[in-house]
Each structure stands twice: as C-alpha cells, then as structure tokens.
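# Commentary on secondary and tertiary structure
So the chains spell out like this:
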Protein chains: 2
Amino acid sequence: MHILVTGAAGMIGRKLVARLVKDGQLNGDAIERLTLTDVVATEKPTDFSGPTKTSTSDLSSPGAAAKAVAEKPDVIFHLAGVVSGEAEIDFEKGYRVNLDGTRALLEAIRAADYKPKVVFTSSIAVYGAPFSSSIADDFHLTPLTSYGTQKAISELLLADYTRRGFLDGVGIRLPTVCVRPGKPNKAASGFFSGIIREPLAGQEALLPVADSVRHTHASPRAAVGFLIHAAGLTRAQLGPRINLAMPGVSCTVGEQVEALRRVAGDKVAARIRREPDELVQHIVAGWAERLHATRARDLGFKAETAFDDIIRAHIEDELGGKIVA
Amino acid sequence: MHILVTGAAGMIGRKLVARLVKDGQLNGDAIERLTLTDVVATEKPTDFSGPTKTSTSDLSSPGAAAKAVAEKPDVIFHLAGVVSGEAEIDFEKGYRVNLDGTRALLEAIRAADYKPKVVFTSSIAVYGAPFSSSIADDFHLTPLTSYGTQKAISELLLADYTRRGFLDGVGIRLPTVCVRPGKPNKAASGFFSGIIREPLAGQEALLPVADSVRHTHASPRAAVGFLIHAAGLTRAQLGPRINLAMPGVSCTVGEQVEALRRVAGDKVAARIRREPDELVQHIVAGWAERLHATRARDLGFKAETAFDDIIRAHIEDELGGKIVA
C-alpha cells in the first residue's frame, strides 16, 4: 500500500506518519511506500524501511498536485492548509491554499483516472453561531470565518467528487486539537492548548476568553486515531453523507483549568493569567460549543471522555511523563 | 440606480428585466441604468429610457467579470449559470460556469473595492436526501448533484464575502420554477412544467416520474418577486445567515394533474402521457419535497398558496388568457 500525506510536516501530519510507520499497516494492508508533502521541508521517518518520497510544494502551485498523485497513492490523507487565524488575516492566501489547493488535489486525482481513498481533515469551524445547546449531525454549515468557509467548500467538493466516482472520500470535522505540542501557531484556538501546555512546562500562559467559554476538544492522539479509523470506513458504511463531525470532550475553560489542577496541582494551575483579547473572543464566540457526533460515534470513532485524559495524554506523549511542578 | 443582471437572456432574467423596466424603480430608487450580460445575446428592453449596456460574455472568461462590474452597478442580480441536467452531464462546464463564474464575479467586486447589493439565485438542489418530511431552515446542505454542489459552494462564498464586507449579499434558494414558458431546457426538473405547459398548448407531455412524487413550486412571477424583495432586505434583517430557502407550493405530481384538470378540464389533463425515465427519477428522488421556509416567510417573501394559482399565472402571463381546450 502506498500512502500520501499532505501537510505532513504539520503537527498532526508528523504524528500521523509516526503512527503509520509504527503500525506498519493500514486496515490490514502492509504499508510499502510513503509520499510526504508540505510547504515546508518534511523529515523522512527514520524507522520506515520502504521507499519514502518527500517534496516541498504548495498544492495550489501549477503541477504540484499532479506530481503528488503521479504514482497513484492508494490512500491520501489531505491535511495541508493554513490555519484559522492566518486565513482570516490573509484572505487571498487562505482561499489559495485551503480552497484552490484542495480543488487542485481533487482535480489531479480525477485527471489521474483512478480511485484512491481520500481522508480530508475538516474542522468544526464549518459551523457558525447561533447554535442550540448541542449540534446535531444534520445542522447546517454557516461558518463565520474564511477558514471555516474554505473547509465547508472543500467538504462539498469532496462529496461531489466521491458521488461522481472520481475518488472515495471521507471528511472528518476535527474538534479543537488539544493539547497541541510545541510553539503556538496562528490558530485563534491556540490558547485552549496554551493554558495547559505552558503551565505544565513551568511557564505562564495567557487566557484571552472567559472561564465560561465552552468548547469541544480531542487530543492529538485521538485526532490521529480518527484519521486512521476514517481510512478504514467503506463506501457502504459512509453512504452519501461522507463528511462527519468527530466526537470530543465538551467542557468549559473553567473545567479545563480545574482538570489541570486535579492532574498537576495548584501551583501549575496558578500559571494561567487572564488577559482578555477581543479578536479571539469574537472568533471563539462564533464556534460550536458541543456536537452530538452521533454518526461518528456509531461508526466507531473514539475520543477521550474527560479533559483529565487529554492532559494525561499530553504528559505521556510529549513530556515523557514529567511535569514542571 | 444602476442595475446589473447576469444571465439576463434566461427565462427568469428576461422576466426580471421586464419587471424592473415596468416598475421604473427598485426599493424606491429610480432605475437609471441597466447592464445586461449573458453567454447568449441579450435583447435591450424597448421601453426603458435610460442607458442600457448589453454584453455577450461568460463570467468565468478572463476579464469578463471585471468588465461587468467596471461601472460599479449598485445592485447585481446574479442569475447566470448552467442548469442541473447540463451540469451533471458536463462536469467541467458546470464547475467552470457555476462555481468559477460566480467566484470571478465576487472577486471582481472585491477588486473594484465597493459594496454592491448582490442577489444570487441559488436552488433547493442544495439539499440532498434523505430528508424528514419537511426541511427546516437549519437543515444541512448535502447536495446530490454537481449543480447543487456548485450552488451550495456559491452560497458559502457569498456569505463569506458579505461577512468580510466586500459586498452585501443575499442568496435565495428557488424552488422549482413552474410553469416555465417556452421550450424545455436541460434541467431534470423540466417535466414539472412540461406536464402543464404542453397540454395547455394542445400538445402531449411526457411524465417521467410517479404521480406520488412531491415537490415544491413557485411561478416565474413569484420567483421574480423573490428577487425584487431580496434586493430590498437590509443587512440587519438578514443577519449572518444570508442564504434563504424560498417558500412555494408543495404538492405531488398527481395534485398538479388534478389542478390542471380543475383549471383547464379533462381533455387538457388527458394530454399527459406517463413514460418513466430512470435518470430523471433518480435525480428527482434526491430532491427536497417540502421546505418550511420560515425565515423567508417571516422576512416577507410571498409565493402562491395553491398549484391552481400557478397554472392561472401561466395562462395569464404567457398565453394571454387562452388555452387550447
């Protein structure tokens, strides 16, 4: 089996590749080849024995998408994209990368005339307020960011290309991935991770929104699990509605802080400093608080059940079990 | 006031222009200039005293959209597009005209750096089965045709361009416009009109689906009314959710036939011949049967209340009151 990962140098991309290499197989088929693309340089996994091709390219550039699928990868994980904050600040870049890049990939597959599995990472940013207290699977998409718009459009394209038989697509709407390791990125949701990650590393973290803000989270480990699971779903299981809201832990910022206190103690939790930021507040206010994700749960997607578990996953996977008390 | 109509040579386009010319004003402002574009030649209205510019161009062609908005029309009715059957048969043409053409228009407006009112004709083809018995305004869009996909994507773009302040958009999801005058077009919904229009004109009509098929209809007169009404809605009235399902008459094909019998007699109704067509049946089976259209009704959009009225509107507007008995 030959697997292509776009956005392979990103946080989820790197974790997905590591998991694929560790598993050595996907849905029971041995992984024989990897193609990894990103706009920045991608490292080759050291412990994979098969041929690995890496390329530094933007899918929206002429020819880049055709090159990415030239050797007809069986499964494509399409993760490439600019994040919400950046797509909001740079209108043209957001549409170029997130819409034109995705469309170029789908068109390249159509031109290559074969039918790969395409797993697309969408986002709960496809939803836009006002909401009822919980969002059902058949709730409409009225995004309030350009990023969410680009993801919603990509979902529609993926569904139509699937319906027409050009590919076998599945879109998964990731909740906020938390705790993100490493440096903050430009996502407006970054603080949800920052208020856990920084205190655990002995550093102060800024909290730009009220403690009452509710949001849905899944760990990077769970997000990678969603991608792997999505790749194994059949067309018959998915039916015509191939874009799915993923499950997650719905909790308030205050509950996040309390979970941090339970897992790591008062001293760690005290490193969170409240500093309201109107732009972030405004963006976050338009996001979904809670999703049923009934179809995804029925199809076997699994997330954590408590925010404490999300913190523990971070401590295990990123901190070697150690926190700065 | 300067008004641009794209798709001005189409059935709705011609009727809209005739209505605008007859009214002489839109939302209380005198209409001073008209710009009319279409891919085929557009006739200048004979009874309009102001300057009228017509152009034969495809908005997706380089420079065409910029030219269409070069003189900064205050209100743009964007009706141009290829119909459902054609977009399904010619994948590339559908995406080029319906998606790239719309995006080119929005981009041209953004580049022109002003903020016109943009009224976009979407379609209930944005919905896709399975449905509950009636579709609420917050039901999700899962189109089952490329045409519906292109309309749903255009709605998302229109909403984002509106949110970003580049224009002031409103999308109206037209139910099936019935009775369409003139020759059949390539829309899969064409028979809904054909089974009324042809018998009234003394000709046989083919009915490709079962009498039990339910669908929602509005007359061409009502559709033009929707467009005019939409142009008068303010940003405050619309809020962030600018794309609206329009009201209509929900009835079965059997009820259409009975209405024809009531309005025009048994002899006329007997001119309908049942000839099942699997492709049409398949496409129609994926369409919405009935819509709440609660928001649209609350915002003052008005449709007919019975199919008999739709038939009478056709006899008045197209047949000079005369039917071939």
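Computed from a predicted structure; not experimentally measured.

For chain A, the count of helices and strands is 13 helices and 14 strands. A globule of 325 residues ought to have a C-alpha radius of gyration of about 20 Å, and chain A, at 19 Å, matches this closely. If you line up chain A on its principal axes, its C-alpha atoms span 55 × 45 × 40 Å. Put simply, chain A has 325 residues, and 52% of those count as buried. In chain A, the share of contacts with a sequence separation of at least 24, taken over all contacts with a separation of at least 6, comes to 79%.

How big an interface is tends to be reported as the loss of accessible area on association of its parts. Residues and elements named next belong to chain A. Examined at the domain level, chain A breaks down into domain 1 (2-175 + 218-245) and domain 2 (190-216 + 249-318). Computed from C-alpha atoms alone, the centre-to-centre distance between domain 1 and domain 2 is 24 Å. Only helix H7 (220-231) and strand S12 (243-245) provide two or more residues apiece to the side of domain 1 that touches domain 2. It is H7 that provides the largest number of residues to the side of domain 1 that touches domain 2, a total of five residues. Of the residues that constitute the side of domain 1 that touches domain 2, the class distribution is 15 nonpolar, eight polar and two charged.

So, about the nonpolar core. Counting residues in each nonpolar core, the largest one holds 204 residues, and the members touching the most others are A:Leu227, A:Met246, B:Leu227 and B:Met246. Lining this core are residues from two domains, each supplying at least three of them: domain 1 (2-175 + 218-245) and domain 2 (190-216 + 249-318) of chain A.

This brings us to the relation of the copies chain B and chain A. Under the fitted operation, chain B is carried onto chain A by 0.0 Å of movement along the axis and a turn of 180°, and the coordinates agree to an RMSD of 0.0 Å. Both copies of the chain, as the preceding transformation shows, are related through a two-fold rotation axis. Residue B:His140 of chain B places its C-alpha closer to the rotation axis than any other residue of that unit, at 1.8 Å. A shared binding surface is used by both copies, with 100% of the interface residues of chain B retained as interface residues in chain A.

For the rest of this paragraph, the subject is the interface of chain B and chain A. Residue-level contacts link 19 residues of chain B with 19 residues of chain A. When the residues that make up the side of chain B that touches chain A are grouped by side-chain class, the tally is nine nonpolar, five polar and five charged.

Let us now look at the environment of A:Ala306. Position of A:Ala306 among the secondary structure elements: in the loop between helix H12 (294-298) and helix H13 (307-318). A sequence separation of 235 residues divides A:Ala306 from A:Glu71, and the C-alpha atoms of the two residues are 42 Å apart.

What follows concerns the sheet that holds strand S5 (residues 52-56) of chain B. Residues and elements named next belong to chain B. Reading across the sheet, the seven strands line up as S5-S4-S1-S6-S7-S8-S12 and stay open at both edges, with parallel pairing between neighbours. Only two strands of the sheet have a single partner each, and these edge strands are S5 and strand S12 (243-245). Shown here is a sheet whose adjacent strand axes are inclined to one another by a mean of 15°, direction ignored. As paired strands, strand S1 (residues 2-6) and strand S6 (residues 75-78) are joined by four bridges and run parallel to one another. The partner of Leu4 across the bridge, within S6, is Ile76. On top of the sheet, helix H1 (residues 11-23) reaches S1, strand S4 (33-38), S6 and strand S7 (117-123); it is set at about 165° to S1, its chief contact.

Calculation criteria
- Residues numbered from 1 in each chain as written.
- Chains lettered and ligands numbered in written order.
- Predicted model: local features only at pLDDT ≥ 70, side-chain atom pairs only at ≥ 80, totals over all residues.
- Helix = DSSP H or I, 4+ residues; strand = E, 2+ residues; numbered from the N terminus.
- Rg over C-alpha atoms; globule rule 2.2 N^0.38 Å.
- Buried ≥ 20, exposed ≤ 12 C-beta atoms within 10 Å, placed from the backbone.
- Contact = placed C-beta atoms within 7 Å.
- Domains from an automatic or database assignment.
- Nonpolar A, V, L, I, M, F, W, Y, C, P; charged D, E, K, R; others polar.
- Core = buried A, V, L, I, M, F, W, Y, C linked by C-beta atoms within 7 Å.
- Least-squares fit on C-alpha atoms with pLDDT ≥ 70 in both.
- Pairing = 2+ DSSP bridges.
- Axes fitted to C-alpha atoms, helices over the stretch in contact; angles between N-to-C directions.

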